[in-house]
Amino acid sequence: MSRPASVSRLSPALVAHLPTGLLIDGHWGPASGGATFEVENPATEESLFDVADARPEDALRALAAAHRAAPVWRAVSPRERSELLRAVYSTLVARTDDLAALITAESGKPLAEARAEVAYGADFVRWYAEQAVRTDGLVRTAPAGANRQLVSRRPVGPALLITPWNFPLAMATRKVAPALAAGCPVVVKPARLAPLTTALVAEIVRAELVDRGLPAGVVNVIPSSHAADVTEPLLADPRLRKLSFTGSTAVGRTLLQGAAAQVLRTSMELGGNAPFVVFADADLDAAVEGALVAKLRNTGQSCVAANRFLVHESVARDFADRLAHAFADRRVGDGAQEGVQVGPLIGASAVDDVEELVSAAVDDGAQVLTGGDRPDGRGHFYPPTVLSGVGHDARVVREEIFGPVAPVVAFGDDDEAIELANATEHGLAAYAYTRDLGRAMRVAQEVEAGMIGINRGLVSDASAPFGGVKHSGLGREGGEAGLEEYLETVYVAL
Ligand code: SIN
């Protein structure tokens, strides 16, 4: 049978060994009833592979495997867990070509960005290999003098990790690595739209566990086209002790309600609406460079993507023109092709949503400086678009765009910039460009966001705490804080 072109671009060895089943207790196998769903290449709309479609009973089998593995895994020494993770890190790096090609095929991002994602994602594994041996406790004398307090840390227990499609490798490693480092077995529910890369990462971990004679049920994977069917029974099961989710605020709220029944520990990395503030004293060339990353990384499909460009009125038009020029220069296309800088959106409905936001802005008087027209032909493409003269209340600034559209809104003074930056229920990332240290520090203190980039368009780093305030979520991933999310504190009074 002839393979679609997108599949022939993957190495034959990768295609031959790509896991497309469910991983339960160390074995890849079909879903109960044998159902599958298709994974599509968003650049070509070709079907890539059929993936096993987990049913509720499969999810419970996966949790049972994680539950059985829990006592063994928590007894494995931190050093041994660390060494396992270090070996996984080395394999991820060694397999960069395969992993990047797969990320591009299923998510559409350009190969150079996919390679950067492999490096970023592998870094979480390296970081938590280093942190696995550093789960500190405390011994002290109680203030009243007579007693001792002994505070120690324990793994929370089996964790359900629900990962998104936009960074199918890095968002999986950002959860799996700290969970394993802390001693928690996991059930991973990868995104329906891009489950293949996550499955390959899980296979790399599985092989490493088996080689070391460790229980393979430590890592289980249950792709599913009906997320609620598999997550609801898991959330209701007392064997599950932790939920970590990355995705929209709406889905996060529903999961939080489900998690309340078992009073689960939760980490929620939810939606954003990042302001990108350009003050009058900013280096505009640097601001445009930063904006290219903050807006066009993964075609704007990131929770930390700059959503609103708040620019001082004295430089607003100049900035918008320069940004439009830089956007118009970007090569848009199939990310697997050499030189492509901006890939497709994940699906047809994503293009519809972006198109609708742009036309609403135009109806309200915004001007399109570049882009704004959906191309004909195959693939879910939308061009990098700059809108100028956008009103403070336009839908395109109030809603998370998740696409390559940069609305430019003018502000008058610093107070107004900060007020506009905070005029959202979200508070994940924010960016500001200024040469004035006092102004930068004011932004750092007054803008309501979990992560703030000053004269930088990218804040993501495996060693830093990633997460938001307000409706953008709970908890942190990455850094020291990411490990805490998988540990309980136990206090013994002596
Ligand atoms: C996200 O979009 O959720 C994550 C992006 C990042 O880690 O940089």
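Going by the structure above, here's the rest.
A brief report on the enclosed structure follows.

Cut-offs used in this document
- Residues numbered from 1 in each chain as written.
- Predicted model: local features only at pLDDT ≥ 70, side-chain atom pairs only at ≥ 80, totals over all residues.
- Heavy atoms only, no water.
- Salt bridge = Lys/Arg side-chain N within 4 Å of Asp/Glu carboxyl O.
- Helix = DSSP H or I, 4+ residues; strand = E, 2+ residues; numbered from the N terminus.
- Buried < 20%, exposed > 50% of the residue type's maximum accessible area, 1.4 Å probe, protein only.
- 1 Å grid on protein atoms, 1.4 Å probe; cavity = no way out; pocket = protein on both sides within 12 Å on 5 of 7 lines; lining within 4 Å.
- Points joined across faces, edges and corners; volume = space filled by probe spheres on them.
- Nonpolar A, V, L, I, M, F, W, Y, C, P; charged D, E, K, R; others polar.
- Expected span 1.5 Å × (residues − 1).
- Core = buried A, V, L, I, M, F, W, Y, C linked by side-chain atoms within 4.5 Å.
- Contact = heavy atoms within 4.5 Å.
- Patch = residues over 30% accessible without salt bridge, like charges linked within 9 Å, V, L, I, M, F, W, Y side chains within 5 Å.
- Areas by Shrake-Rupley, 256 points an atom, 1.4 Å probe, with all protein chains shown as cover.

**Some thoughts on the pattern of salt bridges**
Point 1. If you walk through the whole model with that rule in mind, you get 30 salt bridges.
Point 2. Across the salt bridge formed by Asp 334 and Arg 9, the nearest N and O atoms sit 3.0 Å from each other. Of this pair, Asp 334 sits in the loop between α12 (316-328) and α13 (348-363) while Arg 9 is found in the loop between α1 (5-8) and α2 (12-17), placing the two residues 325 residues apart along the sequence.
Point 3. Overall, Asp 334 belongs to the buried group, its relative accessible area being 9%.

**Considering empty space enclosed by the protein**
Point 1. Under the criterion given, the structure shown has seven cavities of 30 Å³ or more.
Point 2. Approximately 90 Å³ is the volume found for the largest cavity.
Point 3. Contributing to the lining of the largest cavity are 14 residues, with Phe 167, Met 171, Arg 174, Ser 302 and Phe 466 lying nearest its centre.
Point 4. For the lining of the largest cavity, the class distribution of residues is seven nonpolar, four polar and three charged.

**Overview of helix α8 (residues 196-211)**
Point 1. Compared with an ideal rise of 1.5 Å per residue, which puts 16 residues at 22 Å, α8 spans 23 Å between its outermost C-alpha atoms and is within 8% of the ideal.
Point 2. Counting buried positions along α8 yields 13 of 16 residues, so the element is predominantly enclosed.
Point 3. One or two steps after α8, the chain reaches Gly 213, where phi turns positive at roughly 70°.

**Focus: the nonpolar core**
Point 1. Counting residues in each nonpolar core, the largest one holds 100 residues, and the members touching the most others are Phe 276, Phe 309 and Phe 319.
Point 2. Among the elements that line this core, the one with the most residues is helix α6 (residues 111-131), at nine residues.
Point 3. Not counting the four nearest positions on each side in its chain, Phe 276 is found in contact with Ala 287, Gly 290, Ala 291, Ala 294, Ala 306, Arg 308, Phe 309, Leu 310, Phe 319, Tyr 431 and Tyr 433.

**Examining a nonpolar patch on the surface**
Point 1. Where nonpolar side chains cluster on the molecular surface, the patch consists of Val 139, Leu 150, Val 492 and Leu 494 and spans about 340 Å² of accessible area.
Point 2. Along the polypeptide, Leu 494 turns up in the segment after β22 (487-493).
Point 3. For Leu 494, a relative accessible area of 56% gives the class exposed.

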